[in-house]
Amino acid sequence: MYKDDLLAGKKVLVTGGGTGLGRSMAEHFRRLGAAVVICGRRQDVLAQTCEEVNARDDAPEMTWKGCDIRDAQAVHDMVEAIWSDGPLDVLVNNAAGNFISRSHELSSRAVDAVLGIVLHGTSYVTLACGKRWLAGEHAGNVLSIVTSYAWTGSAYVLPSAMAKAGVLAMTRSLAVEWGPHGIRLNAIAPGPFPTKGAWERLVPRPELAERFEQKNPLRRAGRHEELTNLACYLISDQSGYVNGEVVTIDGGEWLQGAGQFNFLSEMTDGDWEAIKPKKK
Ligand SMILES: CCCCCCC/C=C/C(=O)SCCNC(=O)CCNC(=O)[C@H](O)C(C)(C)COP(=O)(O)OP(=O)(O)OC[C@H]1O[C@@H](n2cnc3c(N)ncnc32)[C@H](O)[C@@H]1OP(=O)(O)O
Ligand SMILES: NC(=O)C1=CN([C@@H]2O[C@H](COP(=O)(O)OP(=O)(O)OC[C@H]3O[C@@H](n4cnc5c(N)ncnc54)[C@H](OP(=O)(O)O)[C@@H]3O)[C@@H](O)[C@H]2O)C=CC1
């Protein structure tokens with residue numbers, strides 16, 4: 001779809017790039033010539049992803065940094081290390097945490113677990129990069145992965161809905177504040193794209209996956225390359241005049257019926273009990 005060198009010369013950080021959509025994006029950016037760094041908490045996962053991807057061809061080497069983005073000092077150290085051999089060009093805020101739960105059953109720790117990753121962690125990484133771009137007068141580009149319920153809200157994923165709404169507000173706020181300095185911020189709002197991380201936590205029964213497909217106007221889930229193509233465009237210079245935008249890629253799902261998880265109101269008390277996390 002794109003010229004092989006669309007992203008040549010760009011250094012890109014993908015948070016949560018060891019798995020799922022983050023990994024798919026990281027692989028596609030690399031194939032188009034970007035020097036990609038992925039980060040996450042599980043170093044074994046990151047190392048294995050890099051090993052598998054780098055063994056494939058001689059595109060620029062993908063590298064990794066272990067980093068828990070909830071830890072502001074760890075984020076500072078990671079960003080310093082990335083800048084040590086030249087500035088980053090693109091940040092992709094992809095790391096997230098989520099699960100389905102009835103909101104009145106959420107503990108404060110459960111709320112913090114999601115807000116800590118999605119809202120706080122994303123803002124720590126974005127600000128750490130933004131400060132350096134401003135100080136170095138370097139053009140920057142931030143792409144954040146949100147969801148359609150960032151603006152519609154959704155039952156049963158309350159902390160995620162609150163956090164993703166915050167990331168969207170960050171995108172629009174900084175697009176204006178940092179735009180004059182050549183820094184663009186945009187977001188992608190995906191519909192359902194099968195990944196192990198999302199499906200294990202959000203689709204506890206196979207029939208729910210079918211429901212996601214049935215209720216979608218296109219009657220199917222998204223394919224990773226459909227999302228990665230969009231991400232490549234948004235982080236490339238070809239989208240140079242797109243700023244502060246959120247692009248929905250959901251087959252028309254949210255127009256069909258807002259609130260991705262609202263339909264879980266049909267789950268019984270027994271259904272909810274069965275998927276509660278077991279006390280450690
Ligand atoms: C299917 C259609 C797609 C729609 C997409 C919707 C848009 C968004 C999608 C996504 O974000 S998908 C990404 C999914 N990937 C991940 O979540 C990966 C990272 N996730 C995690 O690490 C965990 O799931 C976590 C719980 C978010 C964080 O883990 P952490 O180790 O920090 O927390 P814990 O110590 O395990 O738990 C803290 C606290 O939270 C409570 N809790 C955990 N899971 C649940 C649950 N399912 N229901 C209710 N509460 C939960 C847990 O019990 C702890 O609370 P206390 O018991 O200590 O009070
Ligand atoms: N799949 C889907 O249908 C949809 C996904 N999305 C969004 O897409 C993005 C990717 O989700 P998906 O690929 O499905 O899920 P995954 O679970 O595969 O990806 C989440 C990634 O985030 C990383 N991560 C979580 N917490 C932290 C942390 N504290 N510090 C650093 N990294 C962290 C995880 O690695 P580790 O655990 O090793 O830290 C993991 O690699 C998310 O933003 C999600 O909200 C949005 C709508 C739909």
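Calculation criteria
Residues numbered from 1 in each chain as written. Chains lettered and ligands numbered in written order. Predicted model: local features only at pLDDT ≥ 70, side-chain atom pairs only at ≥ 80, totals over all residues. Heavy atoms only, no water. Near = heavy atom within 4 Å. Polar contact = N/O pair within 3.5 Å; in protein donor to acceptor, adjacent residues only side chain to side chain. Areas by Shrake-Rupley, 256 points an atom, 1.4 Å probe, with all protein chains shown as cover. Helix = DSSP H or I, 4+ residues; strand = E, 2+ residues; numbered from the N terminus. Nonpolar A, V, L, I, M, F, W, Y, C, P; charged D, E, K, R; others polar. Pairing = 2+ DSSP bridges. Axes fitted to C-alpha atoms, helices over the stretch in contact; angles between N-to-C directions. Contact = heavy atoms within 4.5 Å. Salt bridge = Lys/Arg side-chain N within 4 Å of Asp/Glu carboxyl O. Buried < 20%, exposed > 50% of the residue type's maximum accessible area, 1.4 Å probe, protein only. 1 Å grid on protein atoms, 1.4 Å probe; cavity = no way out; pocket = protein on both sides within 12 Å on 5 of 7 lines; lining within 4 Å. Points joined across faces, edges and corners; volume = space filled by probe spheres on them. Expected span 1.5 Å × (residues − 1). Bend = angle between axes of the 7 residues up to and from the residue.

(A) Fine view of the site of ligand 1. Among the 26 residues in the neighbourhood of ligand 1, the closest are listed as Arg-41, Ser-107, Arg-109, Arg-201 and Lys-279. Between ligand 1 and the protein, one listed contact pairs an oxygen atom with a side-chain N or O atom of Arg-41 at 2.9 Å. A distance of 3.1 Å separates an oxygen atom of ligand 1 from a polar atom in the side chain of Arg-70. Its free accessible area being 1,200 Å², ligand 1 has 76% of it covered by the protein chains.

(B) Expanded view of the site of ligand 2. Around ligand 2 sit 27 residues, and of these Thr-19, Arg-41, Arg-42, Asn-94 and Thr-195 come closest. A distance of 3.3 Å is found between an oxygen atom of ligand 2 and a backbone nitrogen or oxygen belonging to Gly-16. Arg-41 is positioned such that a nitrogen or oxygen atom in its backbone is 2.8 Å from an oxygen atom of ligand 2. Coverage of ligand 2 by the protein amounts to 91% of the 870 Å² it exposes when considered alone. For the shell around ligand 2, the secondary structure elements donating two or more residues are α1 (20–31) and α7 (196–202). Top contributing element to the shell around ligand 2 by residue count: α7, with three residues. Here the residues of the shell around ligand 2 sort into 13 nonpolar, nine polar and five charged.

(C) Local environment of the sheet that holds strand β1 (residues 11–15). Taken in spatial order, the seven strands of this open sheet run β3-β2-β1-β4-β5-β6-β7, and their pairing is parallel. The open sheet is flanked by β3 (63–66) and β7 (246–249), the only strands paired with a single partner. Across the sheet, the axes of successive neighbouring strands diverge by a mean angle of 20 degrees, strand direction being ignored. Judged from the four bridges that link them, strand β2 (residues 35–40) and β3 form a sheet pairing that is parallel. When the sheet's bridge partners are listed, Ile-38 is paired in β3 with Trp-64. On top of the sheet, helix α4 (residues 108–136) reaches β1, β4 (90–93), β5 (140–145) and β6 (183–190); it is set at about 170 degrees to β4, its chief contact.

(D) Examining the pattern of salt bridges more closely. All told, the structure shown has 19 salt bridges when counted by the stated rule. Of the charged contacts, one joins Glu-52 and Arg-23 as a salt bridge, the two residues approaching to 2.8 Å between their closest N and O atoms. Residue Glu-52 is located in helix α2 (residues 43–54), and its partner Arg-23 is located in helix α1; the two are separated by 29 residues in the primary sequence. With a relative accessible area of 34%, Glu-52 lands in the partly exposed category. Overall, the relative accessible area of 18% leaves Arg-23 in the buried class.

(E) Examining the layout of surface pockets more closely. Of the volumes computed, that of the second largest pocket is approximately 200 Å³. Contributing to the lining of the second largest pocket are Lys-11, Ala-35, Val-36, Val-37, Pro-60, Glu-61, Thr-63, Trp-64, Lys-65, Ala-81, Ile-82 and Asp-85. Residue classes in the lining of the second largest pocket are distributed as seven nonpolar, one polar and four charged.

(F) Examining the pairing of β4 more closely. On β4, burial covers both faces: Val-90 and Val-92 on one face and Leu-91 and Asn-93 on the other are all buried. Alignment of β1 against β4, held across three bridges, turns out to be parallel. Residue pairing for β4: Val-14 is matched across the bridge by Val-92. Taken together, the four bridges between β4 and β5 define a ladder with parallel strand orientation.

(G) Examining α1 more closely. Its twelve residues give α1 an end-to-end C-alpha distance of 17 Å, which sits within 8% of 16 Å, the value for a rise of 1.5 Å per residue. The element α1 is extensively covered by neighbouring structure, given that ten of its twelve residues are classed as buried. Along α1, the positions that sit buried rather than exposed are Leu-21, Gly-22, Arg-23, Ser-24, Met-25, Ala-26, Glu-27, His-28, Phe-29 and Arg-30. Against the buried residues of α1 lie β1, β2, α2, β4, β5 and α9 (224–235). Phi turns positive, to about 100 degrees, at Gly-33, one or two residues after α1.

(H) Highlighting α4. For α4, spanning 29 residues, the distance from its first C-alpha to its last is 40 Å, which sits close to the expected 42 Å at 1.5 Å a residue. Largest kink in α4: about 45 degrees, centred on Gly-116. Just past α4, the residue Glu-137 takes up positive phi, approximately 50 degrees.

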